[in-house]
Amino acid sequence: MRPRSTQAVLAASFAAAGSCHDTYCQQNLNLSTVSWTVSNPNGSVSVPGKFPSQAHIDLYAAGVIPWPLYGLGDFDLRWVAYSNWTYTSEALKGLRQDADSTWLLFNGLDTFASIEFCGKHVAATNNQFRQYYFDVTSLLKECKSNPVLSINFGSAPNIADAIAAEPGQETWPFGVEINYEFLNRQFIRKEQSDFGWDWGPAFAPVGPWLPGSIVQLAASEFHIRNSLVDIYREGQLNLLPPDQSRDWVVKTSLDVFGKLPSDASLTYSLQDASGKTVGEGRFENVTSDSSTITGSVVIPADSVNLWWPVGMGPQTLYSLKIAVDSNGRTVNEVTKRVGFRTIVSNQGPITQEQLDMGIAPGNNWHFEINGHEFYAKGSNLIPPDVFWANVTEARIKQLFDSVVIGNQNMLRVWSSGAYSPDFMYDLADEMGILLWSEFEFGDALYPVEKEFLDNVKDEVYYQVRRINHHPSLAYWAGGNELENLELYVVENAAPKELDRYTAEYETLFLDTIVPILFGNSRSISYSPSSTSNGYLELDFSLPQPITERYNNKTPGSIYGETDHYDYDSTVAFDISSYPIGRFANEFGFHSMPSLESWQQQIDPADLYFNSSTIVLRNHHYPPMNTNTSNYANSTKGMVEMTLAVERWYPAPQKEDPIANFSAWCHATQIFQADYYSSQIQYYRSGSGRRERQLGSLYWQLEDQWQAPTWAGIEYDGRWKVLHYVARDIYQPVIVSPFFNATTKDFEVWVTSDLWSSVKGAVNLTWYDWSGKRLDIATPVTLPVTVGAINSTKVLQTNTNDILKNHDPLDVVLAMSVSVEGQLPSSNTTQTLTHTNWFHAAPLSVAHIVDPGLKITPGKDSFTIEATTGVAAWVWLDHSAGVMGYFDSNAFWLAPGEKKEVGFTVTGGEWIDGTTVQSLWDLTLP
Ligand code: BMA
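Position numbers for residues start from 1 in each chain and track the written sequence from start to end. In keeping with the predicted nature of the model, local features appear solely for residues at pLDDT of at least 70, side-chain atom pairs appear and are counted solely at 80 or more, and the whole-chain, interface and lining totals rest on all residues. Side-chain measures were taken over the full set of non-hydrogen atoms in the model, leaving aside hydrogen atoms and water.

Details of the UniProt feature "domain: Mannosidase Ig/CBM-like" (unreviewed entry) in the protein chain
When the UniProt feature table is mapped onto this chain numbering, "domain: Mannosidase Ig/CBM-like" (unreviewed entry) sits at residues 745-828. The helix count covers DSSP runs of H or I at least four residues long, the strand count covers runs of E at least two residues long, and both are numbered beginning at the N terminus. As a span, residues 745-828 carries 6% helix and 54% strand, and end to end its C-alpha atoms are 38 Å apart. UniProt positions are given in the numbering used here, feature names are shortened, and annotations may be inferred rather than shown by experiment.

Shown next as structure tokens:
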């Protein structure tokens, strides 16, 4: 169903109908319809530009620079970031001289812009994330010819450095600002990862990155520039589970410029997807001033259906038309697409009832949708492109399709990129993906002087109001790793300063942000930091209700979310090295992209594991400044990947250098996927342990270039091994082996995130690698019952006891579970199955054999068969240029087992050339 959120201008249609009551009616000039030139200060570069755009995009289109992602463009294109770039319009025709007022409206200027209209300075801006509007009525009236609009964008790295160097400027202990490439990002309100990150390059792009327009109004007109809709249950307060039996409150508030009539009132009409009106009437308690009009209305609970995330119910959406009436007629209106749901981050104390169920004391940290606890399965979204102006709805749709197909229901939209455009939330609303959103701060502490805070206030006010109506909006966090990392660094580097820096942190992330957020939204929960130990107290009688817990913990109790990065791969599969918390919001290890991805942006001569181009594109660990040759840092990350492969899998030694490179890239992906799978299974099984763990969001969903990163989806959409494996292990019901390599304790667990209990059986089959069944003393079939969102241990043993005279290097165990259960989104029972494999020794030393893998292309699918042994990590590879995914990949096959695998094309044309391999192929010369 469309329309999505639109801001209709009724006056225009009145004009067409001849009923416009003034000299003329509101008109908008969309700046994307105008011709633009982009030039540098001395005029040596002057090329056609687009709007919206960023300078790199236009310079590339004009042939001035190569494609920035090619080779070492990250380092070679610094000169673009150090220059100013001016966007100059053609002489604008069609503006009306008789307008009562004329306004420039920009939804996003990146970042330091000096604006001229008709040769006169209008204003300067300094925040990429704010909407700006300027009254240029008198400038237009005085303009002697058709006016020209010009926007000069300053060099963000130069300006950040200049601000940092101002006398008396704030400083922090060394290490607090995590340095990537350009420094001093914390002084400016620009996408923080534009200055480099450990998974991306540093282009520090500038330009009008979001749409803009020139709005002309008649004397009695006004323009709605932004609008808030907040939908919550009567009595609901942020962070607290509301009473689900209460009616809905719909609050709206419109931000306008121009002349809002003094008698303005608000009405609404609510329509379902079929266009049927399910409610209409007047907003009550209407208040207004010159720039805002606000009202609210109660909608009976039984007049609407609930919106649910994917897998939990339908994504029911409604169209809410909000009209401003004056003098008995509608003078302006806006339509928002909305959903009725409550989503709460429950960080409240563990209750007696929970204690009685065996849940550890402390505080909760999980989400509840419409009053139901659920297991959040997903990953972290980074900015999907280094240039936002290149991000299209079609690309995000493709990415989100992979999210949903990957059995993920939540993305953490990580906080040092940019606030997601409306079309991303629109897609998430339609597809049922919950978007945990964050204010754009991370891995630094920030200034707290008045000008900076005032700038942040405007940003938060605008963004909260812009996004709040989307039912997919799940949460707001202040920023990334502020408490668990930033304050921790201060504590270690300058313990005496901890109180001061903590107070400053609270000034920004509690005292500044919370009153604006909670003042505009009763529906969304907030925490100042991802990751944190949650709140200590919540008191809504205070102007700022949250008191953070920090390390105020009671021993034996469990609090908050966890993140986990351990680059010592010796302990990768040791579950005792994983953190125990209520929710895992980040964890990961980097891997190489595929050969096909590298080939898109790397000279063929550089296609080997330790070529300088490849090493320098590895930003884990980051260069830490704009030096172009920090081999030492990036080599550390290359070594971590190499050691992980050598420790756990057969290390490739192929004669053909390209084949060897490709095998190494693939092997790093197997390790990554294996490691994530182990952690995800552990976290999910925690739903049944005392920590009552209810979330797994791994780092990171997707790539923004071709480089070693934590991503599961490569820049062009190709799935790495990780995305397939995550899809498998995010199925509702899974069977998992847990093995302690030191004690040899071995357990098998079944985990279910369904909302009612499931019942069935687990089958265990032991093989040697050639596929001979082994008689090992474990039951062949184990009955299993798992409660709602819970886990059950079905086997507890020790491999020393059961393997007896079998060499662990020889044995593998196939586990399958089959249960009857009901998906939350359905009312019928169905059979749910999952298969998993356990090997008692690392695959680097296990006696694996040639599985005699065969691939037979059929009409719509391939049949894969292992003929001579157990095939581990069977991997189908599609040709470069085809976009899409296999039904299943990175699976294991028992000998004689046939598997039919189809492919869904999501972009490009199908090209033959699919190959199949397994772990055995890594051993081949
Ligand atoms: C965490 C994230 C990111 C980072 C990732 C990998 O620190 O929040 O900042 O990219 O881990 O290092």
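Moving on, there is more to tell.
Brief notes about the packing of aromatic side chains
Pairing of aromatic rings covers Phe, Tyr and Trp, the last counted by its six-membered ring, and requires centre-to-centre distances within 6.5 Å; plane angles under 30 degrees mean stacked, over 60 mean edge-to-face, and any other angle means tilted. Counted according to the given criterion, the structure contains 80 aromatic pairs. Ring centres of Tyr767 and Trp837 lie 5.9 Å apart, and the angle between their planes is 20°; on these two criteria the pair is classed as stacked. Placement of the pair is Tyr767 in strand E34 (residues 758-768) and Trp837 in strand E38 (residues 830-839), with a sequence separation of 70 residues. For the residue pair Tyr767 and Trp837, the accessibility class agrees, reading buried in each case. Relative accessibility decides the category of a residue: with a 1.4 Å probe and only protein chains considered, values under 20% of the type maximum give buried, values over 50% give exposed, and everything between is partly exposed.

Structural notes on the sheet that holds strand E9 (residues 149-153)
Across the sheet, six strands lie side by side as E3-E2-E4-E9-E6-E7; this open sheet has antiparallel pairing. This sheet does not close on itself; its edge strands, each paired only once, are strand E3 (46-49) and strand E7 (120-126). Between one strand and the next, the sheet's axes are offset by a mean angle of 20°, whatever the strand orientation. Two strands qualify as a pair provided DSSP detects at least 2 bridges between them. Where strand E4 (residues 85-89) and E9 come together, four bridges link them in antiparallel fashion. Axes here mean lines fitted to C-alpha atoms, for a helix over just the part in contact, with angles spanning 0 to 180 degrees between N-to-C directions.

A word on the sheet that holds strand E10 (residues 212-217)
Across the sheet, four strands lie side by side as E1-E10-E5-E8; this open sheet has antiparallel pairing. Whereas interior strands pair on both sides, the edge strands pair on one side only; in this sheet they are strand E1 (27-30) and strand E8 (132-135). For this sheet the average axis-to-axis angle between neighbouring strands, irrespective of direction, equals 20°. Strand direction decides the pairing type here: E1 and E10, joined by four bridges, are antiparallel. Paired with Asn28 across the strands is Val215, a residue of E10.

Considering the site of the ligand
Lining the immediate surroundings of the ligand are Trp197, Asp198, Trp199, Trp414, Asp443, Asn480, Glu481, Tyr565, Glu586, Trp699 and Trp710. At 2.8 Å, a side-chain N or O of Asn480 approaches an oxygen atom of the ligand. Polar contact is the term for a pair of N or O atoms within 3.5 Å; when the atoms are in protein, one must be able to donate a hydrogen and the other to accept it, and sequence-neighboring residues count only if both atoms are side-chain atoms. At 2.7 Å from an oxygen atom of the ligand is found a side-chain nitrogen or oxygen belonging to Glu481. In this classification, Asp, Glu, Lys and Arg are treated as charged, Ala, Val, Leu, Ile, Met, Phe, Trp, Tyr, Cys and Pro as nonpolar, and every other residue, Gly included, as polar. Here the shell around the ligand is composed, by residue class, of six nonpolar, one polar and four charged. Nearness is defined per residue: one heavy atom within 4 Å of the molecule or strand is enough.

Let's talk about helix H12 (residues 498-520)
Compared with the 33 Å implied by 1.5 Å per residue over 23 residues, the 32 Å span of H12 between its first and last C-alpha is a close match. At Val514, H12 is bent by approximately 40°, the largest bend along its length, and proline Pro515 sits one to four residues beyond. The span one expects for a helix is its residue count, reduced by one, times 1.5 Å. Take the seven residues that end at a residue and the seven that start at it, fit an axis to each, and the angle between those axes is the bend at that residue.

Some details on the pattern of salt bridges
Pairing of side chains with opposite charge becomes possible as their charged atoms draw close. Should a side-chain nitrogen of Lys or Arg be within 4 Å of a carboxyl oxygen of Asp or Glu, the pair is scored as a salt bridge. Per the counting criterion, the structure on display carries 31 salt bridges. Put simply, Arg189 and Glu459 hold a salt bridge, and the shortest N to O gap is 2.8 Å. Of this pair, Arg189 sits in the loop between helix H6 (156-164) and E10 while Glu459 sits in helix H10 (residues 450-467), and the two are 270 residues apart along the sequence. For the pair formed by Arg189 and Glu459, the shared burial category is buried. In this structure, Asp385 and Arg395 form a salt bridge, with 2.9 Å as the shortest nitrogen-oxygen distance. A residue pair is termed long-range when its members are at least 10 positions apart, and Asp385 in the loop between strand E22 (376-381) and helix H8 (393-405) and Arg395 in helix H8 qualify at ten residues. Counted as one network, the salt bridges with shared partners bring together Glu170, Glu497, Arg500 and Glu504.

A word on helix H17 (residues 721-729)
Buried residues dominate H17, accounting for seven of its nine residues. Turning to H17, its buried residues number three or more, namely Val721, Leu722, His723, Tyr724, Val725, Ala726 and Ile729.

Some remarks on unusual backbone geometry
Generally, phi is negative for residues other than glycine and the peptide bonds are trans, each holding for most cases. The omega torsion across Phe51 and Pro52 is 0°, close enough to zero to call that bond cis. Turning to its location among the elements, Pro52 is positioned in the loop between E3 and helix H2 (55-61). The step from Asp110 to Thr111 runs through a cis peptide bond, and the omega angle for that step is -10°. A positive phi angle, close to 50°, is found at Tyr550, a residue other than glycine. The topology assignment puts Tyr550 in the loop between strand E28 (546-548) and strand E29 (561-564). The exposure class assigned to Tyr550 is partly exposed, which follows from its relative accessible area of 23%. Notably, Met624 is not glycine yet its phi reads approximately 75°, a positive angle. Residue placement: Met624 occurs in the loop between helix H14 (612-617) and helix H15 (631-648).

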